[in-house]
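One-letter residues, chain by chain:
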Amino acid sequence: LTKLGFRFTFDHIYEEMDFEDMLGRLLAYESEHKANYQIPKKYPPDPELGAWVAAVRRIGRDSIDATEREALDDIGFAWVSKRKCGSKFMNGFRELKSQFVRELGTDAEFETLDYQDDFKEIWGKVLSANTESERWLVAQRDAHRLGKLSDARVAYMDQLLGLDWREC
C-alpha cells in the first residue's frame, strides 16, 4: 500500500510534503471556499491538506522555516484555527487547560501564559479537585508509555506548562 501512495499516518506530514505544493493546494481551497483558511483537519476531498494545515498550526508560527512563515503570512494564513476538534482527547485537553486557567484566577488564554514557579502546585490543585481530568491525564500517560499516543498528541501534552504529565 505504501508503494501506491497510501498513508497510514499524518504524524510527520509537514516535514514530508513539498511546501510549495501544499501552499498551492491551500490557496486553491481558499479560493473556492473563502473560509479564511479554516480548513477542517479531516477534509475528505484532500485529507493531506487538512492534516498539513493542522500540523502547521501545531508546530506554530515561530517554529517553522522563516521563508515558509513569510509565505503563509503574505497570504493572510490564519495561524489559529477557529474550528474545535470534538475528539475525546481534544475535549479532555481543552477542559484541563480551562481548569488550570480558572485555578490560576486569570482571564488570559492558556497559550499566552508564561511559565511561573508555582505552576506545578497549581496543577496539583487542579488534578486533586477534578478526578475525571486526573483519570484522563493518567490515560494519556499510560497510552504514551505503551507507545499509543501519537506524536501530535505528545506535542499537545507538552504544551501543559509545569505539568510533568509523563510522570503523573
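Residues numbered from 1 in each chain as written. Predicted model: local features only at pLDDT ≥ 70, side-chain atom pairs only at ≥ 80, totals over all residues. Heavy atoms only, no water.

Student: Just checking my understanding: could you explain the side chain of Gln38 for this structure?
Tutor: Counting through the fold element by element, Gln38 comes out in the loop between α2 (19-33) and α3 (47-59). With a relative accessible area of 11%, Gln38 lands in the buried category. (Helix = DSSP H or I, 4+ residues; strand = E, 2+ residues; numbered from the N terminus. Buried < 20%, exposed > 50% of the residue type's maximum accessible area, 1.4 Å probe, protein only.)

Student: Please clarify how unusual backbone geometry should be interpreted in this entry.
Tutor: Negative phi values dominate among residues other than glycine, just as trans dominates among peptide bonds. Notably, Lys34 is not glycine yet its phi reads approximately 50°, a positive angle. By relative accessible area, which is 62% here, Lys34 ends up exposed. Phi is positive for Asn36, which is not a glycine, with a value near 55°. Here Asn36 is to be found in the loop between α2 and α3.

Student: How should I be thinking about the layout of surface pockets in this particular structure?
Tutor: Empty space among the atoms can be located by rolling a probe the size of a water molecule over them. Approximately 170 Å³ is the volume attributed to the second largest pocket. As for the second largest pocket, its lining consists of Lys88, Asn91, Gly92, Glu95, Gln99, Glu132, Ser133, Arg135 and Trp136. Secondary-structure elements contributing two or more residues to the lining of the second largest pocket are α5 (88-104) and α7 (131-145). In terms of residue class, the lining of the second largest pocket is made up of one nonpolar, four polar and four charged. (1 Å grid on protein atoms, 1.4 Å probe; cavity = no way out; pocket = protein on both sides within 12 Å on 5 of 7 lines; lining within 4 Å. Points joined across faces, edges and corners; volume = space filled by probe spheres on them. Nonpolar A, V, L, I, M, F, W, Y, C, P; charged D, E, K, R; others polar.)

Student: I keep staring at the packing of α5 against helix α6 (residues 119-129) and nothing clicks. Help me out?
Tutor: In contact at an axis separation of 9 Å, α5 and α6 are set at 115° when each is read in the N-to-C sense. By the angle between their directions, the pair α5 and α6 is classed as roughly perpendicular. As for the relative orientation of α5 and α6, their crossing is right-handed in sense. Where α5 approaches α6, its residues Leu96, Gln99, Phe100, Glu103 and Leu104 are matched on the opposing element by Phe119, Ile122, Trp123, Lys125, Val126 and Leu127. Its residues assigned to classes, the contact of α5 with α6 shows eight nonpolar, one polar and two charged. (Axes fitted to C-alpha atoms, helices over the stretch in contact; angles between N-to-C directions. Parallel < 35°, antiparallel > 145°, perpendicular 65-115°, else oblique. Left-handed = near helix turned anticlockwise from the far one by under 90°. Contact = heavy atoms within 4.5 Å.)

Student: I keep staring at the confidence of the model for the protein chain and nothing clicks. Help me out?
Tutor: As a general rule, the predicted coordinates of low-pLDDT regions are not to be interpreted in detail. Taken as a whole, the protein chain shows an average pLDDT of 88; of its residues, 91% reach a score of 70 or greater. When mean pLDDT is taken per element in the protein chain, helix α4 (residues 66-74) scores highest with 96 and helix α1 (residues 13-16) scores lowest with 80. (pLDDT = per-residue confidence, 0-100.)

Student: Mind showing me how you'd approach the pattern of salt bridges here?
Tutor: Side chains carrying opposite charge are able to pair once their charged atoms draw close together. Scanning all chains against the criterion turns up 10 salt bridges. We note a salt bridge from Lys125 to Glu121, for which the minimum N-O separation is 3.8 Å. Residue Lys125 and its partner Glu121 are located together in helix α6, separated by four residues, close to a single helical turn. Here Lys125 falls in the partly exposed class, since its relative accessible area comes to 40%. Overall, the relative accessible area of 52% leaves Glu121 in the exposed class. Overlapping salt bridges bring together Asp21, Arg25, Asp46 and Glu48 as one network. (Salt bridge = Lys/Arg side-chain N within 4 Å of Asp/Glu carboxyl O.)

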